[in-house]
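This is what each chain is made of:
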Amino acid sequence: MPPPIPPPTQTTTDALWRRWRDQGDVDARRELLGRYLGLVHHAAREVAPRVRDAVSLDELVSAGSLGLMQAMQGFDIDRGLAFSTFAMRRIRGAILDELRARDPLSRADRAHVRQLDHAVAALEQRGGRAPTPAEVAQHLGVD
């Protein structure tokens, strides 16, 4: 049985970043991707419950993986920032970009749908029944 592999240290991670940046070492890039892929899975699992069955977890992971690669391209190790903090914004952004691209409604239309849903829920809670279209319209201040 081979000896256990020790957990990555900051020094070895820094060395991988430098090998990839300075020498274009694809093995170092592959190792870095493997180390940070957990961030993608974490972000995808956070988003998955909100999109229900519209998009599979695998599709969210795929979109997030593109974000991870973009984050790796734009990361500057010399700035002294944690890559995970830097990367999560781009990973989540890539997932949201994918969801927006799939949505047939514009952002404004989606906001109107949310506003309508909130109005219906508020009226249901207040009246103890489903509101009529006229009640919803009045609540929203529209014809």
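Calculation rules
Residues numbered from 1 in each chain as written. Predicted model: local features only at pLDDT ≥ 70, side-chain atom pairs only at ≥ 80, totals over all residues. Heavy atoms only, no water. Helix = DSSP H or I, 4+ residues; strand = E, 2+ residues; numbered from the N terminus. Rg over C-alpha atoms; globule rule 2.2 N^0.38 Å. Buried < 20%, exposed > 50% of the residue type's maximum accessible area, 1.4 Å probe, protein only. Contact = heavy atoms within 4.5 Å. Areas by Shrake-Rupley, 256 points an atom, 1.4 Å probe, with all protein chains shown as cover. Lys, Arg positive; Asp, Glu negative; His and termini not counted. Charge placed at Lys NZ, Arg CZ, Asp CG, Glu CD. Core = buried A, V, L, I, M, F, W, Y, C linked by side-chain atoms within 4.5 Å. Phe/Tyr/Trp six-rings, centres within 6.5 Å; stacked < 30°, edge-to-face > 60°. Axes fitted to C-alpha atoms, helices over the stretch in contact; angles between N-to-C directions. Parallel < 35°, antiparallel > 145°, perpendicular 65-115°, else oblique. Left-handed = near helix turned anticlockwise from the far one by under 90°. Nonpolar A, V, L, I, M, F, W, Y, C, P; charged D, E, K, R; others polar. pLDDT = per-residue confidence, 0-100. 1 Å grid on protein atoms, 1.4 Å probe; cavity = no way out; pocket = protein on both sides within 12 Å on 5 of 7 lines; lining within 4 Å. Points joined across faces, edges and corners; volume = space filled by probe spheres on them.

S.K.: Would you mind showing me how to read the overall build of the chain here?
M.R.: Assigned secondary structure in the chain consists of six helices and zero strands. Mapped in sequence order, the helices and strands of the chain form the string α-α-α-α-α-α. Expected size for 143 residues packed as a compact globule is a radius of gyration near 15 Å; at 23 Å, the chain overshoots this value by more than 25%. Expressed along its principal axes, the backbone C-alpha trace of the chain runs to roughly 70 × 35 × 25 Å. Looking at the chain as a whole, 28% of its 143 residues qualify as buried. Counting contacts in the chain only where the partners sit at least 6 residues apart, residues at least 24 apart contribute 49% of the total. For the chain, the exposed surface amounts to about 10100 Å²; the carbon and sulfur share of it is 54%. In the chain, 20 side chains carry a positive charge and 19 a negative one; their mean positions are 3 Å apart.

S.K.: Even after reading the chapter, I still don't get the nonpolar core, so can you show me in this structure?
M.R.: Among soluble globular proteins, nonpolar side chains are generally buried collectively. Counting 28 residues, the largest nonpolar core has Trp17, Leu60, Leu68, Met72, Phe83, Ile91 and Ile95 as its most contacted members. Of all the secondary structure elements, the ones that give two or more residues to this core are helix 1 (10-23), helix 2 (26-51), helix 3 (57-74) and helix 4 (83-102). Residues contacting Leu60, with those up to four places away along its chain left out, are Ala44, Val47, Ala48, Val51, Val55, Ile95 and Leu99.

S.K.: Can you help me understand the packing of aromatic side chains in this one?
M.R.: The way to describe two aromatic rings as a pair is by their centre distance and the angle between their planes. One pass over the structure, following the stated rule, counts eight aromatic pairs. Taking the centre distance of 4.8 Å and the plane angle of 55° together, the rings of Trp17 and Phe83 count as tilted. Here Phe83 lies in helix 4 and Trp17 lies in helix 1, a separation of 66 residues in the sequence. Each member of the pair, Trp17 as well as Phe83, is classed as buried. One aromatic cluster is present, formed by Trp17, Trp20, Tyr36, Phe75, Phe83 and Phe86 through successive ring pairs.

S.K.: Would you explain the packing of helix 5 (residues 107-127) against helix 6 (residues 133-140) in this entry?
M.R.: The description of two helices packed together rests on the angle between their axes and the distance between the axes. Where helix 5 meets helix 6, the closest approach of the two axes is 10 Å, and the angle between their N-to-C directions is 115°. Classified by the angle between their axes, helix 5 and helix 6 sit roughly perpendicular to one another. Regarding helix 5 and helix 6, the two cross each other, and that crossing is right-handed. Note on element contacts: helix 6 touches helix 5 through Glu135, Val136, His139 and Leu140, opposite Gln115, Leu116, Ala119, Val120, Leu123 and Arg126. The class makeup of the residues in the contact of helix 5 with helix 6 is six nonpolar, two polar and two charged.

S.K.: In this structure, what is going on with the confidence of the model for the chain? I would like to understand it.
M.R.: Parts of the prediction with low pLDDT should not have their coordinates interpreted in detail. Per-residue confidence for the chain gives a mean pLDDT of 89; residues scoring 70 or more make up 92%. Of all secondary-structure elements in the chain, the lowest mean pLDDT belongs to helix 1, at 85, while helix 3 reaches the highest, 96.

S.K.: Got a minute to help me understand the layout of surface pockets in this structure?
M.R.: The volume enclosed by the largest pocket comes to roughly 830 Å³. For the largest pocket, the lining is made up of 20 residues, of which Arg50, Val51, Leu99, Asp103 and Arg110 are closest to its centre. Listed by contribution, the elements that provide at least two residues to the lining of the largest pocket are helix 2, helix 4 and helix 5. Considering every element that reaches the lining of the largest pocket, the biggest residue donor is helix 5, with six residues. For the lining of the largest pocket, the residue count by class is 10 nonpolar, one polar and nine charged.

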